[in-house]
Amino acid sequence: MVRLILASQSPARTKLLTEAGIRHTVLVSDVDEDAVQARYGVTDPHDTALLLARAKAEAVAALPEAEGALVLGCDSVFEFDGEAHGKPYTAAVARERMLRMSGNTGVLHTGHWLVDCRDTDPDDDGGGEQGSGATLGTVASAAVSFLEMEPAEIDAYIATGEPLQCAGSFTIDGLGGAFIRKVDGDPHTVVGLSVSTLRDLLSSANVRITELWSA
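Residues numbered from 1 in each chain as written. Predicted model: local features only at pLDDT ≥ 70, side-chain atom pairs only at ≥ 80, totals over all residues. Heavy atoms only, no water.

Participant: An account of the overall build of the chain is needed here, citing residue identities and associated values.
Facilitator: Broken down by element type, the chain carries seven helices and seven strands. Along its sequence from the N terminus, the chain presents helices and strands in the succession β-α-β-α-α-β-β-α-β-β-α-β-α-α. Taking 17 Å as the expected radius of gyration for a compact globule of 215 residues, we find that the chain reaches 18 Å, a close match to that expectation. Its C-alpha atoms put the chain at 65 × 40 × 25 Å along the principal axes. (Helix = DSSP H or I, 4+ residues; strand = E, 2+ residues; numbered from the N terminus. Rg over C-alpha atoms; globule rule 2.2 N^0.38 Å.)

Rendered as structure tokens:
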């Protein structure tokens, strides 16, 4: 049986996979995102999303628990006015960003990285699934257009705590969805994991996504 490990602590990502019927377990990496970015000096939002997704996937793939499994790392970065917006963490940062985003459009980049930890030369007497040795990734991007937001609405939203731990200071699958006018691209990308992109990556590892569907 093919095993998929999601290298992310995001409740939205695991919920998305569960609702899509994709069997998986969660194993969180201890990657220091700021240290990774400082090491490689990457500032482009698109490349940052892919870099961090790869760092998370490879960190978990190195753990003993990942042996014989496929590991998927994901990371999202919101691009607005040419700037990369990760999690705001503080109410002040979230408010400043949302006031600028009101009535405007930005791009949410979600990096995906897959590592095949299955044995590429299994024993003839039942060594498990044949591995591909694949380690590859890609970025799915979607343009997000926001409605005009009143300062009082922004303050009320921030008071819920929801936007503080989200790339770009918003969600589409929670309270923040009320402020999104439209999405050009895969909406799953905005949640933080594109199922169609996962399908393509799995195919590169010689795995059909149907093999991961829950019974």
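Participant: With reference to specific residues and values, describe the UniProt feature "active site" (unreviewed entry) in the chain.
Facilitator: According to UniProt, the feature "active site" (unreviewed entry) maps to Asp-75 in the numbering used here. Position of Asp-75 relative to the elements: it lies in strand β3 (residues 70-80). Residue class for Asp-75 comes out buried when judged on its relative accessible area of 5%. If we skip the residues at most four places from it in the chain, Asp-75 touches Arg-13, Glu-33, Ala-49, Leu-52, Ala-53, Lys-56, His-109, Thr-110 and Gly-111. Only 2.6 Å separates the side chain of Asp-75 from the side chain of Lys-56, close enough to count as a polar contact. (UniProt positions renumbered as here; feature names shortened; annotations may be inferred. Buried < 20%, exposed > 50% of the residue type's maximum accessible area, 1.4 Å probe, protein only. Contact = heavy atoms within 4.5 Å. Polar contact = N/O pair within 3.5 Å; in protein donor to acceptor, adjacent residues only side chain to side chain.)

Participant: How would you summarise helix α5 (residues 151-159) if you had to cite specific residues and measurements?
Facilitator: Count 3.6 residues to each turn of an α-helix, and residues three or four apart come out pointing the same way. Ile-154, Tyr-157 and Ile-158 are the residues of α5 that are buried. Down the axis of α5, the sector holding all buried residues measures 95°, keeping them to one side. Counted as exposed and oriented over 90 degrees from the buried face of α5: Ala-152 and Ala-159. Taken together, the buried residues of α5 touch α4 (91-101). (Arc of directions from axis to C-beta.)

Participant: Can you break down the packing of aromatic side chains residue by residue, with the values?
Facilitator: On inspection of all chains with the given rule, the structure shows five aromatic pairs. Residues Tyr-157 and Phe-179 carry aromatic rings whose centres are separated by 5.6 Å and whose planes lie at 65° to one another, so their mutual orientation is edge-to-face. One end of the pair, Tyr-157, is in helix α5; the other, Phe-179, is in the loop between α5 and β7 (180-184), with 22 residues separating them in the sequence. Like Phe-179, Tyr-157 is buried. (Phe/Tyr/Trp six-rings, centres within 6.5 Å; stacked < 30°, edge-to-face > 60°.)

Participant: Residue-level account of the nonpolar core, with values.
Facilitator: Considering soluble globular proteins, one finds that nonpolar side chains tend to be buried as a cluster. Counting residues in hydrophobic clusters, the biggest one holds 21 residues, and the most contacted among them are Leu-4, Ile-22, Leu-70, Leu-72, Leu-114, Leu-198 and Leu-202. Only β1 (4-7), α1 (11-19), β3 and α7 (195-204) provide two or more residues apiece to this core. If you tally residues by element for this core, the top one is α7, at four residues. With 18 residues, the next largest nonpolar core counts Ala-142, Met-149, Ile-158 and Val-190 among its residues. (Core = buried A, V, L, I, M, F, W, Y, C linked by side-chain atoms within 4.5 Å.)

Participant: Can you lay out the side chain of Ser-145 for me, pointing to particular residues and giving the numbers?
Facilitator: Among the structural elements, Ser-145 can be located in strand β6 (residues 135-146). Looking at Ser-145, the relative accessible area reads 3%, which means it is buried. Setting aside anything within four residues of it in sequence, one finds Ser-145 in contact with Asn-104, Thr-105, Phe-179, Ile-180, Arg-181 and Lys-182.

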